[in-house]
Amino acid sequence: MKTVSLKIDNEIFEESEDILSKIKISRNRYINEAIRMFNKIQKRKMLEEMLQNESLLVRDESINVLQEFESIEPKDESI
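Chemist: I'd like a rundown of the layout of surface pockets, residues and numbers included.
Modeler: Volume-wise, the largest pocket comes out at about 350 Å³. Lining the largest pocket are Met1, Lys2, Thr3, Val4, Leu6, Arg27, Asn28, Ile31, Asn32, Ile35, Arg36 and Asn39. A class-by-class count of the residues in the lining of the largest pocket yields five nonpolar, four polar and three charged. Reported here for the second largest pocket is a volume of approximately 210 Å³. Together, Leu6, Ile8, Ile12, Phe13, Ser16, Glu17, Arg27, Tyr30, Ile31, Ala34 and Ile35 line the second largest pocket. Only α1 (10–23) and α2 (27–71) provide two or more residues apiece to the lining of the second largest pocket. Among the elements that line the lining of the second largest pocket, the one with the most residues is α2, at five residues. Tallied by class, the residues present in the lining of the second largest pocket amount to eight nonpolar, one polar and two charged.

As C-alpha cells, then:
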C-alpha cells in the first residue's frame, strides 16, 4: 500500500465524515472505494471514446467500399 497526502475541500470532508459516521467504515476504506469507483467511470469513458472513434473509422471505410462496389459495372450475362 502507498501513503498519499491530499487536500480535501472542507465541504467535501464534512460531508464524507457525516456519511462515514453513519455507515461505520474507515475513512481510508471510504476513500479507496471512492477512487476505485471513479477509476471505473474514467475507464468506461475512455473505452466509450475509443469505440466511437473506431466506429467512425469503420463507417468511413464501409462507405468507401460501398462506393467502389457501386462504381463497378455489372457484366451483361444473359443466360
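The discussion continues.
Chemist: Could you give an account of α1, naming the residues involved and the relevant values?
Modeler: Compared with the 20 Å implied by 1.5 Å per residue over 14 residues, the 20 Å span of α1 between its first and last C-alpha is a close match. Immediately beyond the C-terminal end of α1, within one or two residues, lies Lys24, with a positive phi of roughly 60 degrees.

Chemist: Give a description of the pattern of salt bridges that names residues and reports values.
Modeler: Scanning the model with the defined rule gives five salt bridges in all. Residues Glu33 and Arg29 are paired through a salt bridge, measuring 3.3 Å at the closest nitrogen-oxygen approach. You can see Glu33 and its partner Arg29 sitting in helix α2, four residues apart, about one turn around the helix. Connected through salt bridges with shared partners, the residues Arg29, Glu33 and Arg36 form a single ionic network.

Calculation notes
Residues numbered from 1 in each chain as written. Predicted model: local features only at pLDDT ≥ 70, side-chain atom pairs only at ≥ 80, totals over all residues. Heavy atoms only, no water. 1 Å grid on protein atoms, 1.4 Å probe; cavity = no way out; pocket = protein on both sides within 12 Å on 5 of 7 lines; lining within 4 Å. Points joined across faces, edges and corners; volume = space filled by probe spheres on them. Nonpolar A, V, L, I, M, F, W, Y, C, P; charged D, E, K, R; others polar. Helix = DSSP H or I, 4+ residues; strand = E, 2+ residues; numbered from the N terminus. Expected span 1.5 Å × (residues − 1). Salt bridge = Lys/Arg side-chain N within 4 Å of Asp/Glu carboxyl O.

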